[in-house]
Amino acid sequence: MMFLHTLDTLLEHIKSVESETIDLTKKAQLKFVQLIERNGILPDDETLETMQYQDIISQQLSATIEAIESVQENIKHFLRSLSESDADTAESIDKMESRLTGALEKAKERHSAFGGKLHQDDNGIEFF
């Protein structure tokens, strides 16, 4: 099951990239806010809505990181139980599939919840 170790390493890399992306978007927003303050600009509703996108991005990436961590935990659990009998291994695979399906459903729910009105045909973003 070496591929599961490789998959775990790949997931760890994706989490790292997503964390870096969260940090970069926060830095970009901070610089934008500093520019607005420094120049005494009063942002309009459209600008404020645009600035809210950073929060949505961070929430989406955080939810993805959480889903990845759930998958990694299930992989580790499966690898620990792999040394048991074939029947136990088959049962572990079924449990892992069920847990991963649950993680996927939760990730999809969080994607929808954290999107504000972004994924709808409404005007603007719903602020939290």
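Visitor: Can you break down the overall build of the protein chain residue by residue, with the values?
Guide: When its secondary structure is counted, the protein chain shows three helices and zero strands. When the helices and strands of the protein chain are placed in sequence order, the string is α-α-α. By sequence separation, contacts in the protein chain at least 24 residues apart represent 73% of the contacts at least 6 residues apart. Accessible surface, the protein chain as shown: approximately 8,800 Å² in total, 55% of it carbon and sulfur.

Visitor: How would you summarise a nonpolar patch on the surface if you had to cite specific residues and measurements?
Guide: Together, L7, L10 and I14 make up a nonpolar patch on the protein surface, roughly 220 Å² of accessible area in all. Looking at L7, the relative accessible area reads 31%, which means it is partly exposed.

Visitor: I'd love a proper account of the nonpolar core, names of residues and values included.
Guide: Formed by L4, L11, I68, I75, F78 and M96, the largest nonpolar core amounts to six residues. Of all the secondary structure elements, the ones that give two or more residues to this core are α1 (2-38) and α2 (45-81). Here this core takes three residues from α2, the largest share from any one element. Sequence-distant contacts of I75, defined by excluding residues within four places in its chain, comprise L4, L7, L11 and M96.

Visitor: Describe the pattern of salt bridges, listing the residues and the values that go with them.
Guide: Under the definition given, this model contains three salt bridges. With its nearest N and O atoms 3.3 Å apart, the salt bridge here joins K15 to E12. With K15 and E12 both in helix α1 and three residues apart, the pair spans about one turn of that helix. Taking the relative accessible area as the measure of exposure, K15 reaches 11% and is therefore buried. For E12, a relative accessible area of 41% translates into the label partly exposed. Salt-bridge contacts for E69 lead to K15; the nearest nitrogen and oxygen are separated by 3.7 Å. Placement of E69 in helix α2 and of K15 in helix α1 is noted, with a sequence separation of 54 residues between them. E69 sits in the partly exposed class, given a relative accessible area of 40%. Here the salt bridges do not stand alone but share partners, grouping E12, K15 and E69 into one network.

Visitor: Lay out the packing of α1 against α2 with the relevant residues and their values.
Guide: Helix packing for two helices is described by the angle between their axes and how far apart those axes are. It is at 9 Å that the axes of α1 and α2 come closest, and there the two elements cross at 165°. Relative to α2, the element α1 is oriented roughly antiparallel. The two elements α1 and α2 meet at a crossing, and its hand is left-handed. A class-by-class count of the residues in the contact of α1 with α2 yields 17 nonpolar, 11 polar and eight charged.

Visitor: With reference to specific residues and values, describe α1.
Guide: For α1, built from 37 residues, the straight-helix expectation of 54 Å at 1.5 Å per residue is met to within 8% by its first-to-last C-alpha distance of 54 Å. Of the residues making up α1, those classed as buried are L4, D8, L11, K15, E18, I22, T25, Q29 and I36. Turning to α1, the residues buried within the fold contact α2.

Thresholds, definitions, all that
Residues numbered from 1 in each chain as written. Predicted model: local features only at pLDDT ≥ 70, side-chain atom pairs only at ≥ 80, totals over all residues. Heavy atoms only, no water. Helix = DSSP H or I, 4+ residues; strand = E, 2+ residues; numbered from the N terminus. Contact = heavy atoms within 4.5 Å. Areas by Shrake-Rupley, 256 points an atom, 1.4 Å probe, with all protein chains shown as cover. Patch = residues over 30% accessible without salt bridge, like charges linked within 9 Å, V, L, I, M, F, W, Y side chains within 5 Å. Salt bridge = Lys/Arg side-chain N within 4 Å of Asp/Glu carboxyl O. Buried < 20%, exposed > 50% of the residue type's maximum accessible area, 1.4 Å probe, protein only. Core = buried A, V, L, I, M, F, W, Y, C linked by side-chain atoms within 4.5 Å. Axes fitted to C-alpha atoms, helices over the stretch in contact; angles between N-to-C directions. Parallel < 35°, antiparallel > 145°, perpendicular 65-115°, else oblique. Left-handed = near helix turned anticlockwise from the far one by under 90°. Nonpolar A, V, L, I, M, F, W, Y, C, P; charged D, E, K, R; others polar. Expected span 1.5 Å × (residues − 1).

Keep in mind these values describe shape, not function.
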